[in-house]
Amino acid sequence: MSQINRISDGLIDRTRTITFAFNDQRYSGHAGDTLASALLANGVKVVGRSFKYHRPRGVFSAGNEEPNALVELRRGAYQEPNTRATVAELFDGMHARSQNHRGPLGFDFMAINDYLSPFLSAGFYYKTFMWPKAFWEKLYEPVIRASAGLGSLSGQPDPDTYDKGFLHTDILIVGAGPAGLAAALTAGESGARVIIADDDFRPGGRLNAETLSVNDMSGAQWSRQTLATLNAMDNVRLMTRTTVYGAFDHGIYGALERKTDHLTSSDAAPRQVLWRIYAKRSIVCAGATERAIAFGNNDRPGIMLAGAVRAYANRWGVSAGKRVAVFTNNDDGWRTATDLVDKGVEVSGVIDTRNIPAPASVPGASIVMGASVVNTAGRSGLHTLTLSNGQTLKADCLAVSGGWSPNVHLSCHQRGRPVWNEAQACFVPGGELPLGMHIAGAANGSLSLSAAITSGSDVTAQVLTSLDIPVAKTPSIKAEDEPTNIKAFWHVKQSTKRCWIDLQNDVTTKDIGVSHQDGFHSVEHVKRYTTLGMATDQGKTSNVLGLAIMAEHAGKTIPETGTTIFRPPYTPVPIGALAGRSRGKDFKPTRLTPSHAWAEERGAEFVETGNWLRAQWFALPGETHWRQTVDREVSQTRNSVGVCDVSTLGKIDIQGSDAAEFLDRVYANTFSTLAVGKVRYGLMLREDGIVMDDGTTARLDEHHYVMTTTTANAVSVFRHMEFCRQCLWPGLDVQLISATEQWAQFAVAGPNARKLLSNIVDDEYPIDNESFPFMACGNVTVCGGTAGRLFRISFSGELAYEIAVPSRFGNSMMEALIEAGKDYQAIPYGTEALGVMRVEKGHAAGNELTGQTTAANLGLGRMVSKKKDCIGNVLSEREGLNTDNDLQLVGFKPVNTGTALSAGAHFVRTGQSAITANDEGWMTSVAYSPSLGHSIGLGFIQNGQDRIGETLTAADPLRGNSTTVEIVSPHFIDPEGERLRG
Amino acid sequence: MRYSALKVIKQGLSGNKGWTPAWREPEPKPEYDVIIIGAGGHGLATAYYLAKEHGITNVAVLEKGWLGSGNIGRNTTIIRSNYILPGNEPFYELSMKLWEGLEQDLNYNAMISQRGILNLCHSDPQRDAFARRGNAMLMAGADAVLLDTDGVRKLCPDLDFENARFPIKGGLWQKRGGTARHDAVAWGYARGADQRGVDIIQNCEVVGLQINNGVCTGVDTTRGKINAKKVAVCVAGSSSRVMSMAGMRLPIESHVLQAFVSEGLKPTIPGVVTFGAGHFYISQSDKGGLVFGGDIDGYNTYAQRGNLPTVEDVCEGGMAIMPNIGRARMLRMWGGVMDMSMDGSPIIDKTDVAGLYFNGGWCYGGFKATPASGWCYAHLLATDKYQETATELRLDRFRRGRMIDEKGVGAQPNLH
Amino acid sequence: MIINHPLLGPRDAAEFVYLGDAALINRPDRSADNAADAFYEYMYLRDNPAGELRELWYHEQGDRSWLVVTRNTLTHEISKVELARDVAMASGRNR
């Protein structure tokens, strides 16, 4: 098929022919075309189907407001649903498919809905589909879902990458149309730092689509010249294909730059960049969007916005039809007629709703003033119009202008509500604008070219002054001042046929009527009841029209009726772009332990612990199941010696003459009485009396402590302590620093731990039981002079130490420790064995410290000092936290030791049913204890300490289990603690 | 007017000219037995159940704007009863059971769609916590299924099982969970209450509470003074503002929760899916839009809008588990103001002022609670006794140390 | 949002962690007679104004300062930023 509607001129490059496919049919266009202009050039009328009635639809607009021409662009994993053909830049090999039809585009089965339309009016679905009840999920909803929706996703991961960037500027100018270019010239010449962003691939806005002149040259020529001037300024950054989609607090704007969407392949380059622009001021020059008029069958392919028809002719050299008629309520529509005639396109008629003398002469056209279009005909494309005076007119394209609506969107993204301007019949920005935002040009109601340009320069001068930047003298810009008179006209009331308001969602004037009858009177109710303005175009061409018709029904004026607010984004933004690089393995940073490389070489299995990756176990050749490995690691540690990287625990260095006092206040127990060279277990409460964290703190010197926190709470504990230090007791002499990343720390546990360490710790630091007893700590040197710290603490319940060296030595230290324990078959153990040993010892960990746990629940109630003031002790005394049947942490073992316990089971008394009323607690952690040869568990149960020896049921209906368990001491191994003191 | 398929057909054949308003627009009377402040979902449900279950019909629901303009009009429509704590779970399960019969009860299709809610888990401790939760749900008469990775794969084959930073290790699935058409819930309750004689008075802002000697006797409004035997505040999002008229400070802060919808797409998401290692949840509306959200912005605000860091955080969470949604476009973002309470759980209670009742603190979970909240609040208003599933939702629980803290983050509302 | 840090200048709010009402600085005296009530009110009750609020932000991705930010909860406009330590000291808190 040739480009039958291609006419002369335009801003396309006719030397470059581009081939593309629409619904597998091959066509050609030129560089500079959009998919829509190329389809129109090729005479393609029907490009899609409407949402509800599946009516055939054609291209309606020439911009991002397009409601009809939505396609699935590209193929395979690159498939991109709902792409507006009107802004999709044509590229070689483009593949596009129409959407939302079953069967071919021309014979959509779902078009049956159109015949059912009397029964599908606004809100019909709220009134039916209720019987029989079970049919909703099984029948009605699946049918509705399958027929709703527009395009489809490929189902495959998005293969493109997206970048994010940050920009700072004095002035952000949104839109490079006449006002934006004038603004940028003024600001740029004055030396301000300027970003000017335009969503088109060819900046210039309406200058590219009009025949109006600026400074005695064509608008397109002037814009090209101006862009060159701006490009030459170092202080101006021109961003094309960039949509400023949202205005956020404090002058922060979101913008999306399309980098490769106009190319055949992104070729591994980022497809789009999501910019966050920090602007001291912004000048929104976003232009205006034309709207339609509601009349009978006004949705046929070929019925378009008048400005769009003009743009296709002037910018793209395309006539949207062979015989065009114009229907308007304003002067602007006439320019479409005159421009077309100038280009040799047949204009069959101009119908103007105003009873005034014709504002222009249109050779060859029948001019009908004070009339309207009542109905149209033409099955898959317009061919006849019926006018209110009874006349019929042939046309395959009808250019409709109901007036222009300023693009006030960004001005509404915070608190601003637009105000109605009666003279221009449009909403203009009003109310409170976002901080630092100014509006110029058509977006502010300066609709003529000359007014827009003047407004752009003037507003910029004010903005520069507010920034204390002297305004440079710039030559004034002379532009045509075309007439823009309008008399509001919304709806052809004589039409008996359906009159569309929202083309995409198939909302007609009748739907507004039904909605009014049903009692839905507020704007928000009508919008929600009819779905007006909720399609992918967010009502850019339909909202004002809908509002006017609501006002008619309510017998009110438009300002009395109200407005709906625009919310970001201005045009839809891909989720992939908003996510940027944070996906897959890069979703969050990965923290590696100091001995990660060593563990990797040993074939460790790793597990995510928050952002950390920790060694979970170290399987040996021949081990076929993780339990085999973990059992061995536990046994070997308990029988000889094992080493575990525990560097992920939070480490906070605390110094100052009030360090001891400070710790007494942030911990529930006392630290000022701790001797230098000793370690103590500390329990930390939140101010509400609930346990926040626990860990050990060592006193290295009179005024120097080192605290450890759990891995999970390292950040929040540090933040909390800074709060206490800066906000509660700013006069205390204490300083904190997080040292988690600075020290690599290893637990060395087992009866041979001391022997191993004696090969590591330098001789001048004796570590025999007398010199370095349980809970001792101190600075040491290791491996011949490397500074380190040694703590005699034990999480495993064995004779154990933790040895710390600067992080950079961590990997070597791990190797050295295993080497030093060679004679004792020292092994590394992972988090799984660590967990088993802590359950065997009855230590609480993450599963127990849920943020719902009191010290009493853990059996540590007596640690909470009643004497001193510490965080949490007052509120920990509340009645509800000290009842007679408080939960208490105890151990559990299966009565039948062959049975495995399960975490998450709830306890009920034997013989009672598993219902909430009988619930006495739950199993928090379970492990298979290789030391005992059976499954063991920890759990909270009401009054548990007093119930040792009782048997009851651990009910796990979720997994269909019910196990008889005995309550036992939580200290399964070495309850007297002899091993750790050995 | 009773709605039915037949009525839709008859009206369709006669030009849809015979529909009557779903509710009246009455002038306020000088006095009511009960005034409910706030015609949101909870207020309208309260009015409906007061009339239907307790025969109290001399009731006005006063609304500052248009009915349903609060968070019932701006949420992500999820219904579920997957709580852990005994103070919560029976209440939310009552709500679920009410949802299940709601449309027939109201004669209004609220498009309640029990397509399931799946919470993903990514670690062993998380699975243990899900087991505890699932058992608590079953013990309260709800449904729950613990899935392993393969079970999740069968339900949601498009998740990232290969390359995820936090591998999907399973999930907790509540089959009866799902979504409902949020606006329709408000409209259905409003229509039902109106039919039973309740006056729903829109564009009527309460500007003062009449309190004399510790007794509340009515309200001052922009449309004059209205007396009442009982005044029931039900204005989540603005609770502190209204209760300050009674001189009360609440255990509540106001925060914004953003929500997002994509352009319409052919079906791709089954039910509701929540990410367990980031802030993201998603479902797909009947119209085809992906409806998704994440965490609250985190700072106190009364503005119904949020900022970019949260927007991006939510999308990052989405792409982390569903990299196939990258080419779907976000169409609209909006925000709702939440009553974030000090333990993340709601309040339905009397106050120290006789005749003044309070319902609020719903955090970001009020929508699913709409039926039970109305049911229990109506019960309290009618009988002055706590409904049996709502005995713990009391104002004094913080003073007494009986917090219902599902997340275990304590008295920091922005973390719940 | 942008917070104008008194030491570091304007910083994106995303660098900060939010706590809440700056009244959390005024921790009650444990030895007072009404300590239980005072702590309950301190911990749980909030003015939660629709308008100007003094609130605590922590510069976690920065210098670890706690700040008192005066911000309007309707418009998000920030009118004042102070070091929380200075505010605490000025209100008589010390050791």
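Bear in mind the structure is a predicted one, so any value in this text is a computation, not a measurement.

What about the overall build of chain B?
So, step 1. A count of helices and strands for chain B gives 10 helices and 18 strands.
So, step 2. For chain B, whose C-alpha radius of gyration is 21 Å, the value lies close to the compact-globule estimate of 22 Å for 416 residues.
So, step 3. Oriented by its inertia axes, the alpha-carbon framework of chain B measures out at about 65 × 65 × 40 Å.
So, step 4. Relative to its full complement of 416 residues, chain B shows a buried share of 69%.
So, step 5. For chain B, restricting intrachain contacts to residue pairs at least 6 apart in sequence, the fraction spanning at least 24 positions comes to 75%.

Digging into unusual backbone geometry
Residue and element names in this part refer to chain A.
So, step 1. Cis geometry marks the peptide bond from W131 to P132; its omega dihedral reads -20°.
So, step 2. The topology assignment puts P132 in the loop between α2 (112–115) and α3 (135–147).
So, step 3. One non-glycine residue, D24, adopts positive backbone phi at about 70°.
So, step 4. Among the secondary structure elements, D24 is positioned in the loop between β1 (13–22) and β2 (25–31).
So, step 5. Residue D24 is classed as exposed on the basis of its 8 C-beta neighbours within 10 Å.
So, step 6. A positive phi is found at D468, a non-glycine position, where the angle reads about 60°.
So, step 7. Its place among the elements puts D468 in the loop between α9 (449–466) and β29 (500–502).

Some details on the sheet that holds strand β7 (residues 94–98) of chain A
Residues and elements named next belong to chain A.
So, step 1. Pairing is mixed across the open sheet formed by five strands, whose spatial order is β2-β1-β7-β5-β6. Lying at the two open borders of the sheet, with one neighbouring strand each, are β2 and β6 (80–84). Direction aside, neighbouring strands of the sheet carry axes that sit 40° apart on average.
So, step 2. Sheet analysis places β1 next to β7, joined by three bridges and oriented parallel. Each bridged residue has a counterpart across the sheet, and for F20 the counterpart in β7 is M94.

Here we look at the interface of chain B and chain C
When the parts of a complex come together, some accessible area is lost, and that lost area is often taken as the interface size.
So, step 1. Taken together, the contact between chain B and chain C spans 22 residues of the former and 17 residues of the latter.
So, step 2. Residue assignment for the side of chain B that touches chain C shows that the elements contributing at least two residues are α7 (239–243), β12 (252–264), β15 (289–300) and α10 (397–400) of chain B.
So, step 3. Across the side of chain B that touches chain C, the residue classes tally to 10 nonpolar, eight polar and four charged.

Brief notes about the sheet that holds strand β16 (residues 329–341) of chain B
Consider a sheet: its strands pair through backbone hydrogen bonds, and that pairing is either parallel or antiparallel.
So, step 1. Pairing within the open sheet is mixed, and its nine strands lie in the order β31(A)-β16(B)-β12(B)-β15(B)-β14(B)-β13(B)-β4(B)-β6(B)-β5(B). A strand with exactly one partner marks an edge of an open sheet, and here the two such strands are β31 (573–574) of chain A together with β5 (145–148) of chain B.
So, step 2. Pairing geometry for β12(B) and β16(B), over 11 bridges, is antiparallel. Paired with L257(B) across the strands is G336(B), a residue of β16(B).

Looking at the interface of chain A and chain B
So, step 1. Of the residues lining the interface, 92 residues belong to chain A; the matching set on chain B comes to 87 residues.
So, step 2. Put simply, the parts of the chain that give the side of chain A that touches chain B at least two residues each are β6, α3, β14 (252–258), α10 (509–517), α11 (523–530), β31, α14 (575–579) and β50 (951–956) of chain A.
So, step 3. Its residues assigned to classes, the side of chain A that touches chain B shows 37 nonpolar, 30 polar and 25 charged.
So, step 4. Sheet topology places β31(A) next to β16(B); two bridges connect them, and they run antiparallel. Bridge pairing in β16(B) places P574(A) opposite R329(B).

Brief notes about the nonpolar core
So, step 1. Counting 458 residues, the largest nonpolar core has V748(A), I35(B) and I37(B) as its most contacted members.
So, step 2. Counting residues per element, this core draws most heavily on helix α9 (residues 366–383) of chain B, at nine residues.
So, step 3. If sequence neighbours within four positions are ignored, V748(A) has contacts with V641(A), V643(A), A753(A), L756(A), L757(A), A800(A), Y801(A), I803(A) and L817(A).
So, step 4. Ranked by size, the runner-up nonpolar core spans 11 residues in total, among them M342(B), M403(B), A411(B) and M43(C).

Brief notes about α9(A)
Residue and element names in this part refer to chain A.
So, step 1. Along its 18 residues, α9 runs 26 Å from first to last C-alpha, staying within 8% of the 26 Å computed at 1.5 Å per residue.
So, step 2. Burial in α9 covers these residues: L449, A451, A452, I453, T454, S455, G456, S457, V459, T460, V463 and L464.
So, step 3. Of the surrounding elements, those touching the buried residues of α9 are β8 (162–174), α4 (178–189), β15 (272–284) and β28 (437–439).
So, step 4. Positive backbone phi, approximately 60°, marks D468, located one or two places after α9.

Here we look at the pairing of β14(A)
Looking down a regular strand, the side chains alternate between one sheet face and the other.
Residue and element names in this part refer to chain A.
So, step 1. In terms of burial, β14 is largely enclosed, as seven of its seven residues are buried.
So, step 2. Of the two faces of β14, the one carrying I252, G254, L256 and R258 and the one carrying Y253, A255 and E257 are both buried.
So, step 3. In this structure, strand β13 (residues 242–248) lies alongside β14, joined through six bridges in antiparallel fashion. If you follow T242 over to β14, its bridge partner there is E257.
So, step 4. Counting the residues in the hairpin turn of β13 and β14 gives three residues, including H250, whose phi is positive at 65°.
So, step 5. Across seven bridges, β14 lies against β15 in antiparallel orientation. Each bridged residue has a counterpart across the sheet, and for Y253 the counterpart in β15 is I277.

Some words on the packing of helix α2 (residues 41–54) of chain B against α9(B)
All names here are of chain B.
So, step 1. Put simply, α2 and α9 touch, their axes get as near as 7 Å, and they point 45° apart. In terms of their interaxial angle, α2 and α9 are classed as oblique. Here the hand of the crossing between α2 and α9 comes out right-handed. Residues G41, H42, A45, T46, Y48, Y49, L50, E53 and H54 of α2 form the contact with α9, whose own contacting residues are G366, F367, T370, P371, S373, G374, W375, Y377, A378, L381 and A382.
So, step 2. Partitioned by chemical class, the residues of the contact of α2 with α9 number 11 nonpolar, eight polar and one charged.

Focus on the confidence of the model for chain C
So, step 1. Across chain C, the average pLDDT comes to 97, with 100% of residues at 70 or higher.
So, step 2. Reported confidences for the modelled complex are a pTM of 0.97 and an ipTM of 0.99.

What counts and how
- Residues numbered from 1 in each chain as written.
- Chains lettered and ligands numbered in written order.
- Predicted model: local features only at pLDDT ≥ 70, side-chain atom pairs only at ≥ 80, totals over all residues.
- Helix = DSSP H or I, 4+ residues; strand = E, 2+ residues; numbered from the N terminus.
- Rg over C-alpha atoms; globule rule 2.2 N^0.38 Å.
- Buried ≥ 20, exposed ≤ 12 C-beta atoms within 10 Å, placed from the backbone.
- Contact = placed C-beta atoms within 7 Å.
- Pairing = 2+ DSSP bridges.
- Axes fitted to C-alpha atoms, helices over the stretch in contact; angles between N-to-C directions.
- Nonpolar A, V, L, I, M, F, W, Y, C, P; charged D, E, K, R; others polar.
- Core = buried A, V, L, I, M, F, W, Y, C linked by C-beta atoms within 7 Å.
- Expected span 1.5 Å × (residues − 1).
- Parallel < 35°, antiparallel > 145°, perpendicular 65-115°, else oblique.
- Left-handed = near helix turned anticlockwise from the far one by under 90°.
- pLDDT = per-residue confidence, 0-100.

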